[in-house]
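The lines below spell out each chain.
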Amino acid sequence: MKVENNKVVSVTYRLNENDENGPFREETKEDNPLVFLFGHGNLIPGFENNLKDLAVNDTFAFTLKPEEAYGEYNEENISDIPSQVFQQDGKMNTELVQVGRILSLQDGEGRVFNGMVKNITDEAVTMDFNHPMAGKTLHFSGKVVEIRDASEEELSHGHVHGPQGHQH
Ligand SMILES: [Zn+2]
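Residues numbered from 1 in each chain as written. Predicted model: local features only at pLDDT ≥ 70, side-chain atom pairs only at ≥ 80, totals over all residues.

Chemist: How should the overall build of the chain be read in this particular structure?
Modeler: A count of helices and strands for the chain gives two helices and eleven strands. On C-alpha atoms alone, the chain measures out to a radius of gyration of 19 Å, which is more than a quarter above the 15 Å that the 2.2 N^0.38 rule sets for 168 residues. With respect to the principal axes defined by its C-alpha atoms, the chain has extents near 60 × 40 × 30 Å. A burial count over the chain gives 15% of its 168 residues as buried. (Helix = DSSP H or I, 4+ residues; strand = E, 2+ residues; numbered from the N terminus. Rg over C-alpha atoms; globule rule 2.2 N^0.38 Å. Buried ≥ 20, exposed ≤ 12 C-beta atoms within 10 Å, placed from the backbone.)

Chemist: Just to check I follow, could you spell out the domain arrangement of the chain for this structure?
Modeler: Where interface size is given, it is often the accessible area lost as the parts come together that is meant. By the assigned domains, the chain splits into domain 1 (7-70 + 133-157) and domain 2 (75-128). Relative to domain 2, the C-alpha centre of domain 1 lies at a distance of 31 Å. (Domains from an automatic or database assignment.)

Chemist: For this particular structure, what's the right way to read the nonpolar core?
Modeler: Most often, soluble globular proteins keep nonpolar side chains buried together rather than apart. In this structure, Val 8, Val 9, Phe 36 and Leu 37 are the most contacted members of the largest nonpolar core, which totals 18 residues. Only β1 (7-17), β3 (34-37), α1 (45-51) and β11 (138-149) provide two or more residues apiece to this core. The element best represented in this core is β1, accounting for four residues. Beyond its immediate stretch of four places on either side in the chain, Phe 36 contacts Val 9, Asn 42, Leu 43 and Val 160. (Core = buried A, V, L, I, M, F, W, Y, C linked by C-beta atoms within 7 Å. Contact = placed C-beta atoms within 7 Å.)

Chemist: Hey, could you run me through the pairing of strand β8 (residues 102-106) in this one?
Modeler: The buried fraction of β8 amounts to zero of the five residues, a small share that puts the element mostly on the outside. Two elements, β8 and strand β9 (residues 112-120), share five bridges in a ladder whose sense is antiparallel. By the bridge assignment for β9, Leu 103 is matched with Gly 115. The hairpin turn running from β8 into β9, its antiparallel successor, is five residues long, and Gly 110 in that turn takes a positive phi close to 85 degrees. (Pairing = 2+ DSSP bridges.)

Here it is in structure tokens:
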């Protein structure tokens, strides 16, 4: 069996910024692999493209430019949000709102945006809504540990079910 559309694929990987010797970012091991439904846009396009047609126990190593990964860093994704939005009973929640903290905000239509607090003044909180990996070149290396057919239900939902997937 090979990695292709509609297969559930389990991989271990190590992520470094820039190249294999760049800053270490994250790692998944065999006891807790990344499990995903291939070909349904669940992962960044460059990751899926480089795994296609691999078999179990095949290893991989590749570098993705920002446009194949999390996109370019965009200054327009930085916004000043009025501080009232973060206040409870007229006071800033300083436990929650701290520079460097990732916060989830909801817009008027119920969409959720994650952003990082960059600056706090009395009037506004400056939030950076770029993905933390935006603008970065990423190097992935790892191994395919399992490939199976997706169930009908998984295919209709477009994601993996079971212990390592989403329960919905
Ligand atoms: Zn589901």
